[in-house]
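Examining the three-dimensional arrangement
Listed here are the chains, written in short residue letters.
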Amino acid sequence: MNKDTTVIREIEPQDNAQLEQVIRACFPEFKIPLEGTAYADEETPKMYEAYQNDNDVYFVIEKDGEVLGGGGVKPLKDFEKEVCEIQKMYFSPKVRGKGYGKVLFKKCMTAAKDLGYKKCYLESAPQLKAAIHIYESFGFKHLDGPLGNTGHFSCGVWMIKEL
């Protein structure tokens, strides 16, 4: 009997190294530029520390002690206070296509609402077609350009949703 031990939980300090590996591995796999994306962000190696404020949260997917992905909610940098960004949502091939992305995305949306945000923004790369399809299915609308100041000039997809 194979018992599924996959859990979605808040990030812990010991998750940093494994999570950084998962995030960085997605870029060459999907041929996404390294500059102007989460790959080059200074917080990518220290995700736990980057999400320790009252207005943000980051969740990881863990199976048998291995971190296989994650996603978080943060205020959209240099923008209106009531707008958050769903960010750093990346998954290992080991958990893709099994529904965990949708569950985690739903958890982020609920967290955003619980944290008092009115709108949710996100950026993505056009190569991430499956992710964009999920965002659209949740009612996110495409924008003609970026909002705020994420520093992700290589992301070509910008979306927003009222919560």
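Here is a short report on the structure shown in this document. Note that this is a predicted model, so its numbers are computed, not measured. (Residues numbered from 1 in each chain as written. Predicted model: local features only at pLDDT ≥ 70, side-chain atom pairs only at ≥ 80, totals over all residues. Heavy atoms only, no water.)

1. Points about the state of the cysteines
In the structure shown here, the tally under the stated rule is zero disulfides. Distance from the sulfur of Cys26, which forms no disulfide, to the nearest cysteine sulfur (Cys155) is 13 Å. Free of any disulfide, Cys108 has its nearest neighbouring cysteine sulfur in Cys120, separated by 8.1 Å. Since its relative accessible area comes to 0%, Cys108 is described here as buried. (Disulfide = S-S within 2.5 Å. Buried < 20%, exposed > 50% of the residue type's maximum accessible area, 1.4 Å probe, protein only.)

2. What about the nonpolar core?
With 26 residues, the main nonpolar core has Val73, Ile86, Met89, Phe105, Phe140 and Met159 as its most contacted residues. Of all the elements in the fold, those that place two or more residues in this core are strand E2 (57-63), strand E3 (66-75), strand E4 (83-91), helix H3 (100-114), strand E5 (119-124), helix H4 (129-137) and strand E7 (157-162). Sorting elements by how many residues they give to this core places H3 first, with seven residues. Leave out the neighbours within four places in its chain, and Val73 touches Tyr51, Asn55, Asp56, Val57, Cys84, Glu85, Ile86, Cys108, Ala112, Leu115 and Tyr117. In terms of nonpolar packing, the next biggest core, distinct from the first, is built from 16 residues, Ile11, Met47, Ala125 and Leu128 among them. (Core = buried A, V, L, I, M, F, W, Y, C linked by side-chain atoms within 4.5 Å. Helix = DSSP H or I, 4+ residues; strand = E, 2+ residues; numbered from the N terminus. Contact = heavy atoms within 4.5 Å.)

3. Considerations on H3
The end-to-end C-alpha separation of H3 is 21 Å, in line with the 21 Å expected for 15 residues at 1.5 Å each. The set of residues buried in H3 consists of Tyr100, Gly101, Leu104, Phe105, Cys108, Met109, Ala111 and Ala112. Following H3 by one or two positions, Gly116 has its phi on the positive side, about 95°. (Expected span 1.5 Å × (residues − 1).)

4. Some remarks on the side chain of Asp15
Counting through the fold element by element, Asp15 comes out in the loop between strand E1 (6-10) and helix H1 (16-30). Here Asp15 is in contact with Arg9, Glu10, Val60 and Val67, once residues within four sequence places are set aside.

5. What about unusual backbone geometry?
Not every positive phi belongs to a glycine, and Lys31 is a case in point at roughly 55°. Within the secondary structure, Lys31 sits in the loop between H1 and helix H2 (47-50). For Asp64, which is not glycine, the phi torsion reads 50° and is therefore positive. Here Asp64 is to be found in the loop between E2 and E3.

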